[in-house]
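In case you want the letters, here they are:
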Amino acid sequence: MDDVVVERVLRIVEFVPSGRVVSYGTVGLVARCSPRYVGRVMKEYGSNVTWWRVINAAGRLPDPLLGRAREKWEDEGTAHRHDKALTSAFITFEELDALWSAHGRDPGEQLD
């Protein structure tokens, strides 16, 4: 895996606000990689970031993660049903891209 893209994905995930979720595809658009790549990054390296905020477009996570994610969603006030996050909880591409553009710093970017 490309270390720069991995770090970019993980940094972008950290910009998803509490109480909101984002799809793998939206993270991929902002990070300039595929949704599957985002899924691989989250599986291999996502345990130290807010992984419960990154879900599929249907609002679901793999069953082994759902119970722990549901606890986090309840703590953060994320709109959800028993088995998935609700559409109203999703952050849009435009919102996430604006957060990344305003506050993010790409890995390897030189400081002035």
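Residues numbered from 1 in each chain as written. Predicted model: local features only at pLDDT ≥ 70, side-chain atom pairs only at ≥ 80, totals over all residues. Heavy atoms only, no water.

As annotated in an unreviewed UniProt entry, the protein carries the name Putative methylated DNA-protein cysteine methyltransferase and is attributed to Brevibacterium casei S18.

### Let's talk about the layout of surface pockets
Keep this limit in mind: Points on a 1 Å grid over protein atoms alone make up a cavity when a 1.4 Å probe fits among them but cannot get out, and a pocket when they form an open set with protein on both sides within 12 Å along at least five of seven lines; lining residues each have an atom within 4 Å of a point. Grid points are joined across faces, edges and corners, and a volume is the space filled by probe spheres set on the points. Starting at the N terminus, helices and strands are each numbered in turn, a helix being any DSSP run of H or I of at least four residues and a strand any DSSP run of E of at least two. Three categories are distinguished: nonpolar for Ala, Val, Leu, Ile, Met, Phe, Trp, Tyr, Cys and Pro, charged for Asp, Glu, Lys and Arg, and polar for the others, with Gly belonging to the last.
Approximately 270 Å³ is the volume found for the largest pocket. Considering the residues around the largest pocket, the lining is formed by 13 residues, among which Met42, Lys43, Trp51, Pro62 and Leu65 are closest to the centre. Listing elements by their share of the lining of the largest pocket, those giving two or more residues are α3 (35-45) and α4 (63-76). Here the residues of the lining of the largest pocket sort into eight nonpolar, three polar and two charged.

### Section: the nonpolar core
Selection criterion: Nonpolar cores were defined as sets of buried Ala, Val, Leu, Ile, Met, Phe, Trp, Tyr and Cys residues, with membership established by side-chain atoms within 4.5 Å. Partly exposed residues are those whose accessible area sits between 20% and 50% of the maximum for their type, while under 20% is buried and over 50% is exposed, using a 1.4 Å probe and protein chains only. By definition in these notes, contact holds between two residues if any of their heavy atoms fall within 4.5 Å.
Counting residues in hydrophobic clusters, the biggest one holds 33 residues, and the most contacted among them are Val9, Val27, Val38, Met42, Trp73 and Leu96. Put simply, the parts of the chain that give this core at least two residues each are α1 (3-13), α2 (24-31), α3, β2 (54-55), α4 and α5 (93-103). In terms of residue count, α1 provides more of this core than any other element does, six residues in total. Excluding residues that lie within four positions of it along the chain, Met42 makes contacts with Leu10, Val13, Tyr24, Ser47, Val49, Trp51 and Val54.

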